[in-house]
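Here's the letter readout for the chains.
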Amino acid sequence: FWEAAAETGLAGRKDRLGFGATMLDANLDGRPDLAVANGHLHRDAEVIYRAPYAQRAQLFVGVGRGSYRDASDRAG
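Read on for a plain summary of the structure. (Residues numbered from 1 in each chain as written. Predicted model: local features only at pLDDT ≥ 70, side-chain atom pairs only at ≥ 80, totals over all residues. Heavy atoms only, no water.)

**Thoughts on the overall build of the protein chain**
Helix and strand counts for the protein chain stand at 3 helices and 4 strands. Along its sequence from the N terminus, the protein chain presents helices and strands in the succession α-β-β-α-β-β-α. Long-range pairs, those at least 24 residues apart, make up 32% of the contacts in the protein chain with a sequence separation of at least 6. Accessible surface, the protein chain: about 5,700 Å² in total, of which carbon and sulfur atoms supply 55%. Taking the average location of the 10 positive side-chain charges in the protein chain and that of its 10 negative ones, the two points are 3 Å from each other. (Helix = DSSP H or I, 4+ residues; strand = E, 2+ residues; numbered from the N terminus. Contact = heavy atoms within 4.5 Å. Areas by Shrake-Rupley, 256 points an atom, 1.4 Å probe, with all protein chains shown as cover. Lys, Arg positive; Asp, Glu negative; His and termini not counted. Charge placed at Lys NZ, Arg CZ, Asp CG, Glu CD.)

**Quick notes on the pattern of salt bridges**
Within the structure shown, the criterion is met by 1 salt bridge. Residue Asp29 is joined to Arg31 by a salt bridge in which the shortest nitrogen-to-oxygen separation is 3.8 Å. On the basis of relative accessibility, which here comes to 33%, the residue Asp29 falls in the partly exposed class. With relative accessibility at 35%, the residue Arg31 sits in the partly exposed group. (Salt bridge = Lys/Arg side-chain N within 4 Å of Asp/Glu carboxyl O. Buried < 20%, exposed > 50% of the residue type's maximum accessible area, 1.4 Å probe, protein only.)

**Here we look at the environment of Ala54**
Examined against the element boundaries, Ala54 turns out to sit in the loop between α2 (45-48) and β3 (58-64). Residue Ala54 is classed as exposed on the basis of its relative accessible area, which comes to 64%.

**Observations concerning a nonpolar patch on the surface**
A contiguous nonpolar surface patch, about 350 Å² in accessible area, is contributed by Val47, Ile48 and Tyr49. Inspection of the secondary structure puts Tyr49 in the loop between α2 and β3. (Patch = residues over 30% accessible without salt bridge, like charges linked within 9 Å, V, L, I, M, F, W, Y side chains within 5 Å.)

Right, dumping it as structure tokens:
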């Protein structure tokens, strides 16, 4: 096992806590994409961790050869 998140484009943002992920072909281009559900586990996260409780989901689209691009802002 080796950490490859940065080299594949999947390195997480420090302001999001991912807890669910699924592979799909969101843009129907034949390459796998990755959808990630985010949100904090503690309702008092803003006070305790200075992180929001509700967090936006992310969509990473496959760009080939095991690499991904964050398309969350364009995905809605």
